[in-house]
Structure formats: structure tokens, C-alpha cells
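# Inside the fold
As a plain string of letters, each chain reads:
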Amino acid sequence: MNKKPNLAVVGATGVVGRTILKVLEERDFPFENLYIMASAKSAGTVVNFKGKDYVVEELTENSFDKPIDIALFSAGGATSEKFAPIAASKGVVVVDNSSAWRMNKEVPLVVPEVNPEAIKLHKGIISNPNCSTIQAVVVLKPLYDKYGIKRIVYSTYQAVSGTGVKGIKDLEEGLKGNDTNYAYPHPIAGNCLPHIDSFLDNGYTKEEMKMIRETQKILNDENIKVTATTVRVPVFDSHSESINIELNKPFEIEDIKKLLAEAPGVVLQDDPQNNVYPLAREIAGKDEVFVGRIRRDFSVDNGINIWVVADNIRKGAATNTVQIAELLIK
Ligand code: L14
């Protein structure tokens, strides 16, 4: 792209949409015109971007008749299912945050530190992976490249901000002693809910199946065995994950630490003797993926345990989306 792109942000008033605007501003993303769109409910509100006020436009079937080059969508699955193909048919490149298109064979699923080359295959829609998957694969990629991965066991501890304003409200109210259920079937304050997104017939939740399938797609290896348990915890921001990995080859634990210390987008925080390990509250607001508690799993051959934390709204959604857009204009 030679000229600066015309940019649309769709779903700009949600938790992720607002953060996309913030990240675009922070990274000084180049654009000619900016269009801010949302559902009828939010249309007409005013959003400030780089000192200028923008009126939020209602998203309609005609929204992409304007000469828009790139549209960043975070308006939920149903909206993406309907409007991403409309935009793509009019020559817009959509970067979509919902789960609607991720497993579609025609749609690249991209984490810039991991599989930037996949972006070239797009036919108008590129998917941003699930938040829990993004932070995991950023850390797994260097291990996969050097040692190969046989099996992964994910256990997640996910923040309420992933559910948006309703989840945040439930935790705020619950902490005041007033349990509400805007987002969850049980109180979240003082609880751990082994339930993220809806349950499937196989006993897993959709969130768990997303982590399994998206990991294989992004690492481009269907032979990796993956299982997951995803849990909502009373934390506002940043998902934490315990990841158990079986590599294909023997390794020295010091080499694993070195690989992760050098990996793009990764920060090593691993000094347990001094109580140093990644913590959700400290990492909220940051863009990197943090890893610590790196140790051998003595119960299997070539096993490792690690603890991985990232801001689910930034690297897990908004920042990754903007990084994809940066690849598009490079
Ligand atoms: O697949 O923490 O993008 O509620 C993102 C938010 C899944 C659920 C996705 C959460 C959703 C997740």
C-alpha cells in the first residue's frame, strides 16, 4: 500500500474497540480517513481520536461503499458473520476479532510474532485468534521450532474483561458484596468458574475447543495433541495460563529459558527465589507476553511447565489486531 489507508473501526464502543483506538493512537498508525462504526445503539455518540471528534456511524450494508482499505472489526460473531463478507466483497481487508471466521480454511489466523507469512493468503478476511490462544502460541513458537511439540495441556485463569463491560460489572458489584449475573451463571467474586463460552456435546466449552484448534492452525501442525480447561477467575485484566508441554526432543532447561528470553514479544520474568513471576495486575496495560515458573516436568519425557500472562484486551485482542494491520501496510 503506497498511500496512507482509509481505516474503519467497527464495534468501536466496546471494550476491545475502544482499546483498538487507543493502540492505533499510541502506535501512530498512519491513515488518511478514519471511520468509526458501531451498532445502531451506539451510533451518534462522539469518540475523540488524536484530538479530533468523530461521530460514530451506524454499521449498515452500505457502510463499505466508501473507499475503505482496512476495517478492524470487534463487534461480535453475528455482526462479523454478516458484515465481514460484505466489506470484503467491496475490496476492504477485514481484520476480525470474533470467533466467526477463525477456522475457515480461506481465512488466515495470524499472530505477527508467530506466522506473519500466513497473512499473504487472505481473500479479504483475516482473523485475530482467541485471546488465550494468542498469548500461548507467542511463547510456544520458539520451542516448537527448535524441539517440536508432541502435546500441550492448557489450564487458564481468565479475566472478566474478556467478557466485556458486563463481566467487569459483575466483578465490581460482587466485590462490594452485591452479586449480579450480567455475564455469568454464578457469582464471580470469590469464585472460579470452569466455564468460558458455551458447553458443547463433547463436554468441552467452546473456549477450550478454540484453544485446541487455533493452536494447531497457527502452528500449522494438526499432529500436536492439545487439551484445555478454561477457567474464569475474579481478576479484572490479563489472562494467566499454566501450560504443560511435551517436546519431541530432549532439552536443557537453561536453553528453554534462553530461547524464551530471546523470543520476539516475550518477556522472561523468572526468579522465583525472589518472588518474581508474571502477575496479572502488573501486566495489565502491557503489550508483551510474560513467562515464568519455567521448570522441567519430571513426570514425562521431555516435559516442561510454564506460567504465561498477557493483557487479554491488548495483546489478546487490540494490539494483535493493530499489529496485523501494520503488516498489511508494510
Ligand atoms: O473467542 O474471556 O474471542 O470471555 C473472547 C472473550 C471468547 C471468550 C473469543 C472471554 C472470545 C473470551
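Residues numbered from 1 in each chain as written. Predicted model: local features only at pLDDT ≥ 70, side-chain atom pairs only at ≥ 80, totals over all residues. Heavy atoms only, no water.

Along strand 7 (residues 93-96), one buried face is formed by Val93 and Val95 and the opposite face, lined by Val94 and Asp96, is buried too. Looking at chain direction, strand 6 (residues 70-73) and strand 7 are connected through four bridges and run parallel. Paired with Ile70 across the two strands is Val93, which belongs to strand 7. Of the pairings in the sheet, the one linking strand 7 to strand 8 (residues 125-127) comprises three bridges and is parallel in character. Of the residues in strand 8, the one forming a bridge with Val95 is Ile126. (Buried < 20%, exposed > 50% of the residue type's maximum accessible area, 1.4 Å probe, protein only. Helix = DSSP H or I, 4+ residues; strand = E, 2+ residues; numbered from the N terminus. Pairing = 2+ DSSP bridges.)

Moving on, we come to the sheet that holds strand 5 (residues 57-58). In a beta sheet, neighbouring strands pair by backbone hydrogen bonds and run either parallel or antiparallel. The strand order 5-2-1-6-7-8 describes an open sheet built from six strands, whose pairing is parallel. Of all the strands in the sheet, the pair left with one neighbour each is strand 5 and strand 8. Pairing geometry for strand 1 (residues 7-10) and strand 6, over four bridges, is parallel. Residue pairing across strands places Leu7 opposite Ile70, the latter belonging to strand 6. Lying over the sheet, helix 1 (residues 15-26) contacts strand 1, strand 2 (34-38) and strand 6, oriented at roughly 150° with respect to strand 1. In the packing of helix 8 (residues 314-329) onto the sheet, contacts are made with strand 6, strand 7 and strand 8, and the angle to strand 6 comes to roughly 165°. (Contact = heavy atoms within 4.5 Å. Axes fitted to C-alpha atoms, helices over the stretch in contact; angles between N-to-C directions.)

One pass over the structure, following the stated rule, counts five aromatic pairs. Ring geometry for Phe49 against Tyr54: centres 6.4 Å apart, planes inclined by 70°, an arrangement best described as edge-to-face. A relative accessible area of 2% places Phe49 in the buried class. Three or more aromatic residues joined by ring pairs make a cluster, and in this case those are Phe31, Phe49 and Tyr54. For the cation-ring pair, Lys66 lies above Tyr35, with the distance from its terminal atom to the ring centre recorded as 5.3 Å. The ring of Phe251 carries Arg296 above its face, with NZ or CZ at 4.2 Å from the centroid. (Phe/Tyr/Trp six-rings, centres within 6.5 Å; stacked < 30°, edge-to-face > 60°. Lys NZ or Arg CZ within 6 Å of the ring centre and 35° of its normal.)

So, on to the pairing of strand 6. Looking along a regular strand, one sees side chains alternate from face to face of the sheet. Here strand 6 shows a buried face lined by Ile70 and Leu72 and a second buried face lined by Ala71 and Phe73. With helix 2 (residues 77-89) bridging strand 6 and the parallel strand 7, this β-α-β connection has right-handed handedness. (Right-handed = clockwise from strand over helix to strand, strands pointing away.)

The subject of this paragraph is the pattern of salt bridges. Side chains carrying opposite charge are able to pair once their charged atoms draw close together. Per the stated rule, a full pass over the model turns up 21 salt bridges. The shortest N-O distance in the salt bridge between Glu61 and Lys82 comes to 3.3 Å. Residue Glu61 is located in the loop between strand 5 and strand 6, and its partner Lys82 is located in helix 2; the two are separated by 21 residues in the primary sequence. Residue Glu61 is classed as partly exposed on the basis of its relative accessible area, which comes to 44%. (Salt bridge = Lys/Arg side-chain N within 4 Å of Asp/Glu carboxyl O.)

The next point concerns the nonpolar core. Grouped together as the largest cluster of nonpolar side chains are 40 residues, with contacts concentrated most on Tyr154, Ile243, Leu247, Ile256, Ile304 and Ile306. At the level of secondary structure, the elements contributing two or more residues to this core comprise helix 3 (131-147), strand 9 (149-158), helix 5 (206-218), strand 10 (225-232), strand 11 (239-247), helix 6 (253-262), strand 13 (289-297) and strand 14 (303-310). (Core = buried A, V, L, I, M, F, W, Y, C linked by side-chain atoms within 4.5 Å.)

Inspection of the region around the ligand gives Asn97, Ser99, Arg102, Asn130, Gln158, Gly162, Thr163, Glu207, Lys210, Arg232 and His239 as its neighbouring residues. With respect to the ligand, the side chain of Lys210 contributes an N or O atom lying 2.7 Å from an oxygen atom. Interatomic distance of 2.7 Å between a side-chain N/O atom of Arg232 and an oxygen atom of the ligand. Here the ligand has 310 Å² of accessible area as a free molecule, and 82% of this is covered by the chains. In terms of residue class, the shell around the ligand is built from no nonpolar, seven polar and four charged. (Near = heavy atom within 4 Å. Polar contact = N/O pair within 3.5 Å; in protein donor to acceptor, adjacent residues only side chain to side chain. Areas by Shrake-Rupley, 256 points an atom, 1.4 Å probe, with all protein chains shown as cover. Nonpolar A, V, L, I, M, F, W, Y, C, P; charged D, E, K, R; others polar.)

Another point: the environment of Glu58. With respect to the helices and strands, Glu58 occurs in strand 5. The spatial distance from the C-alpha of Glu58 to the C-alpha of Ala87 is 14 Å, given a sequence separation of 29 residues. Ignoring anything within four residues of it in the chain, the contact list for Glu58 reads Ala38, Ser39, Ala40, Ala43 and Ser63.

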